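A look at the structure
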Amino acid sequence: MFLNNSSRFSGRARSGLLTGVLVTVLALSACSSDNSDNNSTTGGGAPVSSEAGAAVKVSIEPAQTTNVNPKTPIVVKAANGTITDVTVTNTTKGTKVNGTLSPDKTTWTSSDVLGYGAKYSIDAHAADAKGKTVEEQSTVSTLSPAKQANPNMIPAPSAVAQTGVGVGQPIVFQFTYAVKNKADVEKQLSVTSNPPQQGSWYWVDDKNVHYRPKTYWQPGTTITVSAKIYGVDFGNGVYGATDRTETYHVHDSWIAKADGNTEQMQIFHNGQMVKSMPISMGKDSTPTHLGAHVISDKQKDYTMDSCTYGVCQGDPNWYRSEEHWALRMSNDGEFVHENPNSVGSQGRSNVSHGCINLNADNAQWFFNNFGLGDVVEVSNSGGKQLPVWDLYGDWALSWDAWQKGSALS
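The name recorded for the chain in an unreviewed UniProt entry is Ig-like domain-containing protein, from Amycolatopsis dongchuanensis. Reading the Pathway (unreviewed entry) entry of the UniProt record for the chain gives the comment "Cell wall biogenesis; peptidoglycan biosynthesis."

So, the packing of aromatic side chains
The tally for this structure, following the rule as stated, stands at 15 aromatic pairs. Taking 5.4 Å as the distance between ring centres and 90° as the angle between the ring planes, the aromatic pair formed by F175 and F234 counts as edge-to-face. Separated by 59 residues along the polypeptide, F175 in strand β11 (residues 171–175) and F234 in strand β16 (residues 233–235) bring together distant segments of the chain. Both residues of the pair, F175 and F234, count as buried. Taken together, the aromatic side chains of F173, F175, W201, W203, Y211, W217 and F234 make up a single cluster linked through ring pairs. The ring centre of W203 lies 5.7 Å from the NZ or CZ of K182, which sits over that ring. Directly above the aromatic system of W402 lies the positively charged group of R212, at a separation of 5.1 Å from the ring centroid.

What to know about helix α3 (residues 360–369)
When we look at burial in α3, the residues that qualify are N362, A363, F366 and F367. Here the buried residues of α3 occupy an arc of 135° about the axis, which is enough to place them on one side. Those residues of α3 that are exposed and aimed more than 90 degrees away from the buried face are D361 and N368. The N-cap of α3, judged by a side-chain oxygen 3.3 Å from the amide nitrogen of D361 a few residues on, is N359.

Remarks on the side chain of N357
Tracing the backbone shows N357 in strand β26 (residues 356–358). In terms of polar contacts, N357 uses its side chain to reach the side chain of N339, at 3.0 Å. Here N357 is in contact with P278, I279, S280, H337, N339, S342, Q346 and S352, once residues within four sequence places are set aside.

A word on the UniProt feature "active site" (unreviewed entry) in the chain
Mapped onto the present numbering, the UniProt feature "active site" (unreviewed entry) falls at H337 and C355. Across 19 residues, the annotated set stays spatially compact, with a maximum C-alpha separation of 7.5 Å. Tracing the sequence through the fold places H337 in strand β25 (residues 335–338). Look at H337 and you get buried, because its relative accessible area is 3%. Along the chain, C355 turns up in the loop between β25 and β26. Exposure remark for C355: the relative accessible area of 4% places this residue in the buried category.

Some details on the sheet that holds strand β18 (residues 244–249)
Strand order in the open sheet formed by three strands is β12-β15-β18, with antiparallel pairing between adjacent strands. Edge positions in the sheet fall to β12 (189–194) and β18, since each has one partner strand and no second. Averaged over all neighbouring strand pairs, the angle between strand axes comes to 15°, with direction disregarded. Where strand β15 (residues 222–227) meets β18, six bridges bridge the pair, whose relative direction is antiparallel. Among the inter-strand pairings, S226 is bridged to a residue of β18, identified as T245.

Observations concerning the pattern of salt bridges
Summed over the entire model, instances satisfying the criterion amount to two salt bridges. Linking R244 and E246 is a salt bridge whose minimum nitrogen-to-oxygen distance equals 3.0 Å. R244 sits in the partly exposed class, given a relative accessible area of 23%.

Notes on the sheet that holds strand β23 (residues 297–305)
Taking strand neighbours across the sheet as the criterion, the four strands line up as β23-β24-β25-β26 in an open arrangement whose pairing is mixed. Both edges of this open sheet fall to β23 and β26, since each of them pairs with a single strand only. Shown here is a sheet whose adjacent strand axes are inclined to one another by a mean of 35°, direction ignored. Summarising the sheet, strand β24 (residues 320–328) and β25 pair through three bridges and their orientation is antiparallel. Bridge pairing links L327 to V336 in β25. Against the sheet, α3 contacts β23, β24, β25 and β26, and its axis sits at roughly 45° relative to β24.

Conventions and cut-offs
Residues numbered from 1 in each chain as written. Predicted model: local features only at pLDDT ≥ 70, side-chain atom pairs only at ≥ 80, totals over all residues. Heavy atoms only, no water. UniProt positions renumbered as here; feature names shortened; annotations may be inferred. Phe/Tyr/Trp six-rings, centres within 6.5 Å; stacked < 30°, edge-to-face > 60°. Helix = DSSP H or I, 4+ residues; strand = E, 2+ residues; numbered from the N terminus. Buried < 20%, exposed > 50% of the residue type's maximum accessible area, 1.4 Å probe, protein only. Lys NZ or Arg CZ within 6 Å of the ring centre and 35° of its normal. Arc of directions from axis to C-beta. Polar contact = N/O pair within 3.5 Å; in protein donor to acceptor, adjacent residues only side chain to side chain. Contact = heavy atoms within 4.5 Å. Pairing = 2+ DSSP bridges. Axes fitted to C-alpha atoms, helices over the stretch in contact; angles between N-to-C directions. Salt bridge = Lys/Arg side-chain N within 4 Å of Asp/Glu carboxyl O.

Shown next, in the form of structure tokens:
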């Protein structure tokens, strides 16, 4: 009778041991490598043992026995008979690979995902209608990547698990190594939104790929994001290290509209204006960028130092100050925050280094109501459009231009 092996392969770099016949997407995310030699014997030839006159024939796949992609399943087939037993063993660890037998008992398929740089021995037995048996053996060695790229996610799912994200939040995969084969990788990325909303990927550079919908997310949307990249060839010797699936939730819509002409910022909650506050934006020499900005961080107390983006001491535009109720809206130093020194200019003129300045009460109110993924739309600032590469400059592009950033367009 068929014996189902009870324990499965576990690689050195995995986050934990996984067991069972069925492998879920999250289980795949634990796949990684274990190091062993790549020596192999050739399988699929004459059977190791066969009773005289046995009609059953056994074949083992893959026929290629070296440098096999670990996502390739091991398949044993019986012709003119049925499979009675299959044992697949990681020869370094001594662990067994689980598999499933077809209802007609003619095909056995591994259900555990193999590891990188590992060697597996295969021992299969089958019998014909008269009970005469055949044994077939083979070995398979999987490829060993030069490097393995992890799919880091921005924002970190743990950071927004309780609060959710705003309607402007792009979903970002940041890979630890450059991606040459972008189309191959992008084919393995997916986003499912409920309710459904049209969206697309955009490669900002060789490591960062962003996903945004055509328009802002609908409040209350659930977003499921997957990267099934384990075993995917990134190019230049790099392979995907692990699969990953995460879920985000979109909270209420919070959008601030800051106008450099009126020096006012109007606050809209779920489409209704709930507050207006006087502001001071960037002065002529350091204007605030135009367009939709997305909040990426918030700190009650924050040291602002222009040297972090290249304007250091000795430059007339250098500054270093301790600020409060600070929400970052771009990576080049633009924040919404309290500034008591500019209160006299708020509602009258733009005097900042690019930030949106508020008085203490308004800054604290804004801090308490806005968070990651919420939107600040800047108009009439005298500045240039926020660049698409400036962390969340995603909304700077038209929908047609955004779609062209996909490797599959």
